[in-house]
Amino acid sequence: MATPSKPMLRALGGEAVWPPPMWLMRQAGRYLPEYREVRAQAGDFIALCTNPELAAEVTLQPIRRYGMDGAILFSDILMVPWAMGQPLRFAEGEGPQLQPVRDAASIGALDPSVCVANAAPIFETVRLVRAALDAHAPKVTLIGFAGSPFTVACYMVEGHGSRDFAAARGMAYADPQLFGTLIRTLVTATTGYLLAQAEAGAEVLMLFDSWAGMLSPSQFRRWVIEPTGQIVRNIRKVNPTIPIIGFPRLAGPMLAEYAQRTGVQCLGVDTSMDLRWAATAVAPHQALQGNLDPLALIAGGMALETEARSILGTMRGRPFVFNLGHGIEKTTPPEHVSALVRLVRTG
């Protein structure tokens, strides 16, 4: 059951909480020495994601250190294709490496029906974190997440990270029927994956669409808005009250249409977005989340204070969750995060 006293749930419910609740994308990760110690114990990255005790420990580390209002499950957006049977590994210094799916046979071999069963250790992590939060940090909200279908499909088709994901975007143009099959497979798998997180104890769900901004408006509507909206509708049929955050990174002016058509309660906004414009482009009851530049957090000092206070001044009086405009960088000094928390707490 949602606890009304939790600041983040209040903000996502449309209340202008002040000072605003805060958490940071990738707040559990390589910039923290305590994370690096656990990562060394785990072996490889997938082993860490599928070890409930270690993944729960990593999820809780920034809550203990900083007292964030949100704890986001430690995992990765590519655990969904992994759970459907696509070979995945994380090479040190190279990022994710997948066996590309570029034809009907390889896409047809993916099995969304086994995704939830294969991802069972991740849901156990959710249960462990929720129990720890309920016992020791009862005002902290637990956030579950998945990648949105387009962004996950980019990695699945390309086989690795890319600056432009030309293979995936090319497939969307040249063979939209085949690409659509992959997107529909991901909608099915992602729906089940998120519902299982909610059943295990996640109180908020977030959809990351990190590469949405590469698409033209017509492609954005087809491959970002429509699949995201379908996932939201699927979730609503089973769990009509759980808040959902959508983060269509670099959406620009398409953010307004995304907000209207997907049905998400909260819009994550990237560093490039003018928050004043975003506040006028979405409904007054829809929360916004963002959008401090991660490089300002690295810089610290007056640069950090100026940027953070500008965001706070712009968002005062409306539903808002303070966050970064993209994930925290590995070179971020932990003491700068402490300074940011103090800044936001004083409003």
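It should be emphasised that the depicted structure is a prediction, and the values quoted were computed from it without experimental measurement.

Remarks on the environment of Leu267
Logical step 1: Structurally, Leu267 is set in strand E7 (residues 266-268).
Logical step 2: A residue is classified by how much of its surface remains accessible, and Leu267, at 0% relative accessible area, is buried.
Logical step 3: The spacing of Leu267 and Arg249 is 18 residues in sequence and 10.0 Å in space, taken between C-alpha atoms.
Logical step 4: Residues in contact with Leu267, not counting those within four places in the same chain, are Gly246, Leu255, Tyr258, Ala259, Val282, Gln286, Ala287, Leu288 and Gln289.

A few points about the pattern of salt bridges
Logical step 1: Applying the stated criterion across every chain yields a total of 12 salt bridges.
Logical step 2: The partner of Arg261 in a salt bridge is Glu257, with the nearest N and O atoms 2.9 Å apart. Placement of both Arg261 and Glu257 in helix H13 (residues 254-262) is noted, with a separation of four residues, approximately one turn of the helix.
Logical step 3: Looking at Glu257, the relative accessible area reads 19%, which means it is buried.
Logical step 4: When the shortest N-O distance is used, the salt bridge between Asp274 and Arg276 registers 3.4 Å.
Logical step 5: Residue classification places Asp274 among the partly exposed positions, given a relative accessible area of 35%.

Remarks on the packing of helix H9 (residues 149-158) against helix H10 (residues 166-174)
Logical step 1: In the contact formed by H9 and H10, the axes pass within 7 Å of each other and the chain directions differ by 110 degrees. By the criterion of interaxial angle, the relationship of H9 to H10 is roughly perpendicular. Counted together, Phe150, Ala153, Cys154, Val157 and Glu158 of H9 and Ala166, Ala167, Ala168, Arg169 and Met171 of H10 form the full contact between these two elements.
Logical step 2: For the contact of H9 with H10, the class distribution of residues is eight nonpolar, no polar and two charged.

A word on the nonpolar core
Logical step 1: Membership of the largest hydrophobic core comes to 131 residues, with the highest contact counts inside it found for Phe179, Phe322 and Leu340.
Logical step 2: Tallying contributions element by element places helix H11 (residues 176-200) first for this core, with 13 residues.
Logical step 3: For Phe322, the residues in contact, after removing those within four places along its chain, are Pro20, Pro21, Met22, Trp23, Gly290, Leu292, Ala308, Ile311, Leu312, Leu340 and Val344.

Some words on the UniProt feature "binding site: substrate" (unreviewed entry) in the protein
Logical step 1: In the numbering used here, UniProt assigns the "binding site: substrate" (unreviewed entry) feature to Arg26, Gln27, Ala28, Gly29, Arg30, Asp76, Tyr155, Ser210 and His326. The annotated residues occupy 301 residues of the chain and do not converge on a single region, their most distant C-alpha atoms lying 22.7 Å apart.
Logical step 2: Every residue in contact with Arg26, bar those within four places of it in the chain, is listed here: Tyr31, His326, Gly327 and Ile328.
Logical step 3: Mapped onto the fold, Tyr155 is located in helix H9.
Logical step 4: Residues in contact with Tyr155, not counting those within four places in the same chain, are Ile77, Leu78, Pro96, Leu98, His160, Gly161, Phe165 and Trp211.

Calculation criteria
Residues numbered from 1 in each chain as written. Predicted model: local features only at pLDDT ≥ 70, side-chain atom pairs only at ≥ 80, totals over all residues. Heavy atoms only, no water. Helix = DSSP H or I, 4+ residues; strand = E, 2+ residues; numbered from the N terminus. Buried < 20%, exposed > 50% of the residue type's maximum accessible area, 1.4 Å probe, protein only. Contact = heavy atoms within 4.5 Å. Salt bridge = Lys/Arg side-chain N within 4 Å of Asp/Glu carboxyl O. Axes fitted to C-alpha atoms, helices over the stretch in contact; angles between N-to-C directions. Parallel < 35°, antiparallel > 145°, perpendicular 65-115°, else oblique. Nonpolar A, V, L, I, M, F, W, Y, C, P; charged D, E, K, R; others polar. Core = buried A, V, L, I, M, F, W, Y, C linked by side-chain atoms within 4.5 Å. UniProt positions renumbered as here; feature names shortened; annotations may be inferred.

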